[in-house]
Structure formats: C-alpha cells, structure tokens
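Inside the fold
Residue-level listing of the chains:
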Amino acid sequence: MRAVVLDCPEPGALAEFYRQLVGGDITYADEEWVSLRDGETVLLSFQLASDYQPPEWPNPDRPQQFHLDVTVEEAELDEAEQKVLALGATKHQLQPGGNWRVYVDPVGHPFCLCWD
C-alpha cells in the first residue's frame, strides 16, 4: 500500500494536526498535497478538495467512508483525549461503547482512540 489519502480543504493544516497526533515528519508539501511519513513509511497523505464536504457519521447520506484508529494505553486515555482536543479535535456526541472513543478531526473525519 502506498498511502491513505484524506481529502480536505487545507492539506497543510490537517497534516500538522495528524503529525502532532501520530508523529512522523512532513516530507512533501505543496498547496494541493502533503505527505506525512515515518522514515520510509507513508503514514498519511492529504489532498486538496476544493468542494470538500465532511462526513456526518452516522448519517448514511454522508457516511464516514473510512476512519483511523489510534492505539493508546488505557491508563493514558484521558490524557490522550485532552491532547486531541487541544489539537483541535472534537469528541463525537455518539459514543457506542467498547474499547474506543470517537472523535472528529478539525475538518470532520472521524477517528478513534482505542485501547486493548
């Protein structure tokens, strides 16, 4: 697999959000594309979509399409939540339970903090 690419209205801003969330380095950036890598591995790429419409999960008319799961230690969950909120994420109102919490990145992509 080469990359997971997220459509968004501002690739640089969203790449910086995820760089702070999951780590890595921005190795390529222009106005329409940004790549976030961990060494030789592409973690995520961000692509300009001028007509971007965020998902409205769980609304089936604009489904989540995909989501990212980020593993955290259960003992550090509250600290991780504070970090993602400080970075600009929002805790989703729907929390189905289980070993994950659902959040939305600054442009509307859902993601989860998960623990074993």
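Just above, that's the structure.
Residues numbered from 1 in each chain as written. Predicted model: local features only at pLDDT ≥ 70, side-chain atom pairs only at ≥ 80, totals over all residues. Heavy atoms only, no water.

Moving on, we get to helix H1 (residues 11–22). Every α-helix winds through 3.6 residues per turn, so residues three or four apart in the chain are directed the same way. For H1, spanning twelve residues, the distance from its first C-alpha to its last is 16 Å, which sits close to the expected 16 Å at 1.5 Å a residue. Three or more residues of H1 are buried, namely Pro11, Leu14, Ala15, Phe17, Tyr18 and Leu21. Seen end-on, H1 carries its buried residues on one side only, within an arc spanning 155°. Downstream of H1 by one or two residues, glycine 23 has phi in the positive range, about 90°. (Helix = DSSP H or I, 4+ residues; strand = E, 2+ residues; numbered from the N terminus. Expected span 1.5 Å × (residues − 1). Buried < 20%, exposed > 50% of the residue type's maximum accessible area, 1.4 Å probe, protein only. Arc of directions from axis to C-beta.)

Here the focus is the packing of H1 against helix H2 (residues 77–87). The geometry of H1 relative to H2 is characterised by a closest axis approach of 10 Å and an angle of 165° between their N-to-C directions. In this view, H1 runs roughly antiparallel relative to H2, as classed from their interaxial angle. The way H1 lies across H2 gives a crossing that is right-handed. Taken together, the residues of H2 that come into contact with H1 (itself represented by Phe17, Gln20 and Leu21) are Lys83, Val84 and Leu87. The class makeup of the residues in the contact of H1 with H2 is four nonpolar, one polar and one charged. (Axes fitted to C-alpha atoms, helices over the stretch in contact; angles between N-to-C directions. Parallel < 35°, antiparallel > 145°, perpendicular 65-115°, else oblique. Left-handed = near helix turned anticlockwise from the far one by under 90°. Contact = heavy atoms within 4.5 Å. Nonpolar A, V, L, I, M, F, W, Y, C, P; charged D, E, K, R; others polar.)

This part covers the nonpolar core. By size, the foremost hydrophobic cluster in this structure holds 22 residues, and its most contacted members are Tyr18, Phe46, Phe111 and Leu113. Where this core is concerned, the elements lending two or more residues are strand S1 (5–8), H1, strand S3 (33–38), strand S4 (41–48), strand S5 (68–71), H2 and strand S8 (110–114). If you tally residues by element for this core, the top one is H1, at five residues. (Core = buried A, V, L, I, M, F, W, Y, C linked by side-chain atoms within 4.5 Å.)

On to a negative patch on the surface. Taken together, Glu73, Glu76, Glu79 and Asp116 make up a surface patch of like negative charges. Residue position: glutamate 76 is located in the loop between S5 and H2. (Patch = residues over 30% accessible without salt bridge, like charges linked within 9 Å, V, L, I, M, F, W, Y side chains within 5 Å. Areas by Shrake-Rupley, 256 points an atom, 1.4 Å probe, with all protein chains shown as cover. Salt bridge = Lys/Arg side-chain N within 4 Å of Asp/Glu carboxyl O. Lys, Arg positive; Asp, Glu negative; His and termini not counted. Charge placed at Lys NZ, Arg CZ, Asp CG, Glu CD.)

Let us now look at the environment of leucine 21. Positionally, leucine 21 belongs in helix H1. Classification of leucine 21 by relative accessible area gives buried; the value is 12%. What leucine 21 contacts, discounting residues up to four positions off in sequence, is Val70, Lys83, Val84, Leu87 and Phe111.

Pairing between strand S2 (residues 25–29) and S3: four bridges, direction antiparallel. Within the sheet, the bridge partner assigned to isoleucine 26 lies in S3 and is leucine 36. What sits between the antiparallel neighbours S2 and S3 is a turn of three residues. (Pairing = 2+ DSSP bridges.)

Further remarks concern unusual backbone geometry. Put simply, tryptophan 57 and proline 58 share a cis peptide bond, and its omega is 10°. Considering the arrangement of structural elements, one finds proline 58 in the loop between S4 and S5. The residue glutamine 65 is not glycine, and still its phi comes out positive at about 70°. By the secondary structure assignment, glutamine 65 is in the loop between S4 and S5. Judged by its relative accessible area of 66%, glutamine 65 is exposed.

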